Amino acid sequence: MTSPLRVLSIATLFPDAARPNFGLFVEKSLRALAAQPEVELTIVAPVGLPPWPLSLHPRYRALRALPLREDWLGLTIHRPRFRLIPRIGARFNPAAIARAVLSVTRGQIFDIVDAQFFYPDGPAAMRVAAALGLPFSAKARGADISHFGHDSAATPQLLAAADRAAGLLAVSEAMRRDMAAIGIDPAKVAVHYTGIDAARFSPGNRAAARAALNLGEDPAILTVGALIARKGQALVIEALAALPGVHYWLAGAGEEEGRYHAQAQRLGVETRVHFMGPIANADLPQLYRAADVVVMPSASEGLANAWVEALACGTPIVISDAGGAAELVTSPVAGRIIERTPEAIAEAVRAILAAPPSSADVSKSLGGRFDWDRNGRELADHLRRCAGR
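Conventions we followed
- Residues numbered from 1 in each chain as written.
- Predicted model: local features only at pLDDT ≥ 70, side-chain atom pairs only at ≥ 80, totals over all residues.
- Heavy atoms only, no water.
- Axes fitted to C-alpha atoms, helices over the stretch in contact; angles between N-to-C directions.
- Helix = DSSP H or I, 4+ residues; strand = E, 2+ residues; numbered from the N terminus.
- Parallel < 35°, antiparallel > 145°, perpendicular 65-115°, else oblique.
- Left-handed = near helix turned anticlockwise from the far one by under 90°.
- Contact = heavy atoms within 4.5 Å.
- Nonpolar A, V, L, I, M, F, W, Y, C, P; charged D, E, K, R; others polar.
- Pairing = 2+ DSSP bridges.
- Salt bridge = Lys/Arg side-chain N within 4 Å of Asp/Glu carboxyl O.
- Buried < 20%, exposed > 50% of the residue type's maximum accessible area, 1.4 Å probe, protein only.
- Arc of directions from axis to C-beta.
- Polar contact = N/O pair within 3.5 Å; in protein donor to acceptor, adjacent residues only side chain to side chain.
- Core = buried A, V, L, I, M, F, W, Y, C linked by side-chain atoms within 4.5 Å.
- Phe/Tyr/Trp six-rings, centres within 6.5 Å; stacked < 30°, edge-to-face > 60°.

Q: Mind laying out the packing of helix α4 (residues 121-132) against helix α6 (residues 155-164), listing which residues take part and the relevant values?
A: In contact at an axis separation of 8 Å, α4 and α6 are set at 55° when each is read in the N-to-C sense. In terms of axis orientation, α4 runs oblique to α6. Remark: the crossing between α4 and α6 carries left-handed chirality. Taken together, the residues of α6 that come into contact with α4 (itself represented by Gly122, Pro123, Met126 and Arg127) are Gln157, Leu158, Ala160, Ala161 and Arg164. Broken down by class, the residue content of the contact of α4 with α6 amounts to five nonpolar, two polar and two charged.

Below is the structure:
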């Protein structure tokens, strides 16, 4: 009888009671991995807290209250603390995380160490694997390469982890190319697409969804994601001047919200810009169905889950040429890939509103490529190869 593959997965991006949507895609992938036969999974989701008195800041209050170990919807999660130095401590995080992981896994036996984000998880996994005499793998998702791959404090550790890893993963072919551009051997990198719950994210009645959410009858465009400069919501607000009668709905929270309110007022479009705050994952399918177009002109992405979720719900997308955009928008049915300018955004939105594709055709454009069970099988197969199994 084949012995199970014993996986130690390190995930600094993972939901918790304080941040239920934080790294939800990582949770879904690890849940799919745990469901595979002959896999025993241990998940460590380290929690970074700054030293006192910075740890007293309201931002960290809820994190301090998290349990060190808990059952998270059927998965056992260890949440050891590590010392986080805000803004200037990125270079120290991998070593601190590795110490935290080793403190809660002492005495356990594993076959492979898995890093669910390339930085800081990858260099942390490298240290843990070295301490345990094991191979390890790391996955690139977006900002871990686009930001940390060009950060002088992080890049040397990131590249060292890539060099020593038994195997690597990327969320898209474009991400694989980005990894190669900073010196990572592309031959070590396999593309590992995200998954989607097709039973939840599927086409539905747009008018009924809009009525349920009180979105009104005017054309509605939507962005789902943190309100941060990189996501490009400011460009969409500016585009509204050329989209009379169109309302813009922003699902998410973040540091740029005040600036976006001021921008909307300055441009005279404040009555057509609606800040919804964070939206629970359970409510996202209805929100996608209610929108006429999902607009996300990000400066950088890997392969955004929101892109896939919107298409699965039958809503076309207008996105920048970032990450795996061209791997999703392969025809006008799925939407448009545009330059990051208000003019290009407005032109693409007008074109889709003038000739909207059917929800069924938009959903079919995904071609069945995004499935959580497939994601779990591929991850298990990859980790078995890395472990020499």
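What follows continues from the structure just given.
Q: Give a description of the sheet that holds strand β4 (residues 69-72) that names residues and reports values.
A: The mixed open sheet is built from eight strands, whose spatial order is β4-β5-β2-β1-β7-β8-β9-β10. Two strands lie at the open edges of the sheet, namely β4 and β10 (189-191), each paired on one side alone. Here the average twist between neighbouring strands, direction ignored, is 25°. Note: strand β8 (residues 136-140) against strand β9 (residues 167-170), four bridges, orientation parallel. Paired with Ser137 across the strands is Gly167, a residue of β9.

Q: Give me the lowdown on the packing of helix α3 (residues 93-105) against α4, citing residues and values where you can.
A: Where α3 contacts α4, the axes come no closer than 8 Å and their chain directions differ by 45°. With respect to α4, the element α3 is oriented oblique. Here α3 runs over α4; the crossing is right-handed. Where α3 approaches α4, its residues Pro94, Ala95, Ile97, Ala98, Val101 and Leu102 are matched on the opposing element by Pro123, Ala124, Arg127, Val128, Ala131 and Leu132. Looking at the contact of α3 with α4 residue by residue, the class counts come to 11 nonpolar, no polar and one charged.

Q: Tell me about the sheet that holds strand β16 (residues 335-338), and name the residues and values.
A: Across the sheet, six strands lie side by side as β13-β12-β11-β14-β15-β16; this open sheet has parallel pairing. Edge positions in the open sheet fall to β13 (273-277) and β16, since each of these has one partner strand only. With direction set aside, neighbouring strand axes in the sheet form an average angle of 20°. Taken together, the five bridges between strand β11 (residues 220-224) and strand β12 (residues 247-251) define a ladder with parallel strand orientation. Looking at the pairing, Leu222 lines up with Trp249 of β12. Running over the sheet, helix α14 (residues 342-354) touches β11, β14 (293-296), β15 (317-320) and β16 and is turned about 170° from β16.

Q: So what's going on with the pattern of salt bridges? Residues and values would help.
A: Under the counting rule described, the total for this entry stands at 12 salt bridges. Between Asp373 and Arg377 there is a salt bridge, and its shortest N-O distance comes to 2.3 Å. Of this pair, Asp373 and Arg377 both sit in helix α16 (residues 372-386), four residues apart, which is roughly one turn of the helix. With a relative accessible area of 41%, Asp373 lands in the partly exposed category. What makes Arg377 partly exposed here is its relative accessible area of 38%.

Q: Give me α6: which residues, what numbers.
A: Those residues of α6 that fall on the buried side of the exposure criterion are Thr155, Gln157, Leu158, Ala161 and Ala162. Seen from one end, α6 has its buried residues packed into an arc of 165°, which puts them on one side. In this structure, α6 carries Pro156, Asp163 and Arg164 as exposed residues pointing more than 90 degrees from its buried face. Looking at the packing, one finds that the buried side of α6 touches α3, α4, β8, α5 (143-146) and β9.

Q: Lay out the environment of Gln108 with the relevant residues and their values.
A: Tracing the sequence through the fold places Gln108 in the loop between α3 and β7 (112-115). Classification of Gln108 as partly exposed rests on a relative accessible area of 35%. At 3.4 Å, the side chain of Gln108 and the backbone oxygen of Val104 are in polar contact.

Q: Can you break down the side chain of Asp111 residue by residue, with the values?
A: If you trace the backbone, Asp111 turns up in the loop between α3 and β7. For Asp111, a relative accessible area of 14% puts it in the buried group. From its side chain, Asp111 meets the backbone nitrogen of Arg6 in a polar contact 2.7 Å long. A polar contact of 3.4 Å, which involves the side chain of Asp111, links it to the side chain of Arg389.

Q: An account of the nonpolar core is needed here, citing residue identities and associated values.
A: Within the largest apolar cluster, 75 residues are counted, with the highest numbers of intra-cluster contacts made by Phe118, Met179, Ile184 and Tyr288. Those residues in contact with Met179, other than ones at most four positions away along the chain, are Phe118, Ala140, Ile145, Leu168, Leu169, Ala170, Ile184 and Val189. If you look at the next biggest cluster of nonpolar residues, it comprises 26 residues, including Val236, Ile237, Leu240 and Val318.

Q: I'd love a proper account of the packing of aromatic side chains, names of residues and values included.
A: Tallying each qualifying case throughout the model produces three aromatic pairs. Both rings, one in Tyr193 and one in Phe370, keep their centres 5.1 Å apart while their planes meet at 55°; by these two values the pair is tilted. A residue pair is termed long-range when its members are at least 10 positions apart, and Tyr193 in the loop between β10 and α8 (206-212) and Phe370 in the loop between α15 (359-364) and α16 qualify at 177 residues. Here Tyr193 matches Phe370 in class, with each residue buried. Ring centres of Phe201 and Tyr288 lie 6.2 Å apart, and the angle between their planes is 55°; on these two criteria the pair is classed as tilted.

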